[in-house]
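Overview (structure and organization)
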Amino acid sequence: MSKFDAIRPYYDAEVNQALQSAINHPIMKAMMNFTFPDVEEVVWKTQLSKTHSIRDFQCNFIYEAIQKVLKKSSDGLSTSGFEKLEQNTSYLFISNHRDIILDTSLLNIALFDHGLVMTASAIGDNLVKKDFLKSLSRLNRNFLVQRGLPPRELLQSSHLMSEYIEQLLLRENRSVWIAQREGRTKDGNDATHSGVLKMLAMASGNRNVIDYFKEIKIVPISISYEYDPTDALKMPQLMAEANQERYVKGSNEDFNNIISGIIGQKKGIHIHVGDILDKELDEIKAENSNSNKQIQALTQVVDVSILKSYKLWPTNFIAYDVLHKTDQFSDRYTEQEKSLFARRLEMRIDGKNEQMKESFLAMYANPVVNKMKYNDAV
């Protein structure tokens, strides 16, 4: 028994049995029929039954599934900054969070294509309540973030997770992906929650927090989608927050978001790898001796990296101009792109509801606003 058993992915020795248990599940069948439409069921079942490691499952099945998703629901994935990373080296990727499944899956595709260490990735246990989804997430090297705990248990859970992340990075040489905040960004404002960094720092023990952060090699990641396939699904929560009402999730809401994120049209997708944080950490350490202030300063550094390198699309500039009733960025999009975006707005929300329209536009426009804070030339 390992103290990490409640949160860890499968060990390779457990993979085959987990696959045998999942092989006839309707979701597994649907996934395989989508990924390999011209392959007979007996063929992929035979291949799955011969799979004995997470890496084999990811490379032979998940990689192909995500490639098919890209082909059917996007104009492809572009990347930048991966040349900064070294092979056989583990990194802690702190990423903005737009899509429940794809953010980390697309990063892993890019890491694999560049011959780099793929990640173990944090996923909220609220997203994998059904046994099959939990098993599938463990097969895909996800570890569980335990949500909705009372304060004392939350503290224990955070300690456990920080220790597990340290073990992955420093003992197993496994990269780790973690979102900069709990839950996806709904309004387009990507912001790091200091609680994420405080949780990571719990594993520093007697080491100076900044020295520990240097040791685990923090790399900010920016991911942007030209169209957010779940934009309309985010509206009820944004409306509730705008009206200062408590928002209660529907019973299948997370699952619907997962499916919409995977199959919905995304158009362009870009992942940028920021600089490995090093000299920035030295500067923070020189300026602050208080660990809380150090974490606040690091939060800001991560934010600046993610926002400055976030790729803006025509949809972002269109939304900014429409929202602010300007043509400031009219050279960044065509009339056709503008009319397509207007059509999307019309089809996905109630255009008569001004508050909803404004929230929808702001979701796409806010990345422009945020980038303008840090870049003279957007």
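Each value, and the rule that gives it
Residues numbered from 1 in each chain as written. Predicted model: local features only at pLDDT ≥ 70, side-chain atom pairs only at ≥ 80, totals over all residues. Heavy atoms only, no water. Helix = DSSP H or I, 4+ residues; strand = E, 2+ residues; numbered from the N terminus. Contact = heavy atoms within 4.5 Å. Polar contact = N/O pair within 3.5 Å; in protein donor to acceptor, adjacent residues only side chain to side chain. Axes fitted to C-alpha atoms, helices over the stretch in contact; angles between N-to-C directions. Parallel < 35°, antiparallel > 145°, perpendicular 65-115°, else oblique. Left-handed = near helix turned anticlockwise from the far one by under 90°. Nonpolar A, V, L, I, M, F, W, Y, C, P; charged D, E, K, R; others polar. Buried < 20%, exposed > 50% of the residue type's maximum accessible area, 1.4 Å probe, protein only. Pairing = 2+ DSSP bridges. Core = buried A, V, L, I, M, F, W, Y, C linked by side-chain atoms within 4.5 Å. 1 Å grid on protein atoms, 1.4 Å probe; cavity = no way out; pocket = protein on both sides within 12 Å on 5 of 7 lines; lining within 4 Å. Points joined across faces, edges and corners; volume = space filled by probe spheres on them. Phe/Tyr/Trp six-rings, centres within 6.5 Å; stacked < 30°, edge-to-face > 60°. Lys NZ or Arg CZ within 6 Å of the ring centre and 35° of its normal.

1. Quick look at the environment of tyrosine 11
Positionally, tyrosine 11 belongs in the segment before helix H1 (12-22). A sequence separation of 43 residues divides tyrosine 11 from isoleucine 54, and the C-alpha atoms of the two residues are 7.9 Å apart. Ignoring anything within four residues of it in the chain, the contact list for tyrosine 11 reads Ser2 and Asp5. Among the polar contacts made by the side chain of tyrosine 11, one reaches the side chain of arginine 8 at a distance of 3.4 Å.

2. Structural notes on the packing of helix H4 (residues 54-73) against helix H5 (residues 102-113)
Contact geometry for H4 and H5: axes closest at 10 Å, N-to-C directions at 110°. The orientation of H4 relative to H5 falls into the category roughly perpendicular. As H4 packs across H5, the resulting crossing turns out to be left-handed. Residues Arg55, Gln58, Cys59, Tyr63, Ile66, Gln67, Val69 and Leu70 of H4 pack against Leu102, Ser105, Leu106, Asn108, Ile109, Phe112 and Asp113 of H5. Residues of the contact of H4 with H5, tallied by class, amount to nine nonpolar, four polar and two charged.

3. Comments concerning the pairing of strand E6 (residues 218-225)
Most of E6 is tucked away: eight of the eight residues are buried. Side-chain alternation along E6 places Ile218, Pro220, Ser222 and Ser224 on one buried face and Val219, Ile221, Ile223 and Tyr225 on a second face that is also buried. As paired strands, strand E2 (residues 92-95) and E6 are joined by four bridges and run parallel to one another. Opposite serine 95, over in E6, you have isoleucine 221 as the bridge partner.

4. Some remarks on the nonpolar core
Ranked by size, the top nonpolar core spans 87 residues in total, and within it Leu92, Ile165 and Phe213 carry the most contacts. With near-sequence residues (within four places) excluded, isoleucine 165 lies in contact with Leu92, Phe143, Val176, Ile178, Met199 and Leu200. Counting residues in hydrophobic clusters, the runner-up holds 23 residues, among them Phe317, Tyr333, Ala365 and Val378.

5. Structural notes on the layout of surface pockets
The computed volume of the second largest pocket comes to approximately 180 Å³. Forming the walls of the second largest pocket are 14 residues, and the residues nearest its centre are Tyr10, Tyr11, Arg141, Tyr164 and Glu172. Broken down by element, the lining of the second largest pocket gets its largest block of residues, three residues, from helix H7 (residues 151-171). Taken together, the residues of the lining of the second largest pocket sort by class into seven nonpolar, two polar and five charged.

6. A short note on the packing of aromatic side chains
As enumerated under the stated definition, the model contains twelve aromatic pairs in all. On the basis of an interplanar angle of 45° and a centroid distance of 6.3 Å, the ring pair of phenylalanine 341 and phenylalanine 360 is categorised as tilted. Taken together, the positions of phenylalanine 341 in helix H15 (residues 335-348) and phenylalanine 360 in helix H16 (residues 354-374) put the pair 19 residues apart, joining distant regions of the chain. Residue phenylalanine 341 shares its accessibility class with phenylalanine 360, and that shared class is buried. Measuring from centroid to centroid gives 5.2 Å for phenylalanine 341 and tyrosine 364, while their planes differ by 85°, and the two rings are edge-to-face. Of the two residues, phenylalanine 341 sits in helix H15 while tyrosine 364 sits in helix H16, which places them 23 residues apart along the sequence. Residue classification places phenylalanine 341 among the buried positions, given a relative accessible area of 2%. Over the ring of tyrosine 11 we find arginine 8; its NZ or CZ atom is 3.6 Å from the centre of that ring.

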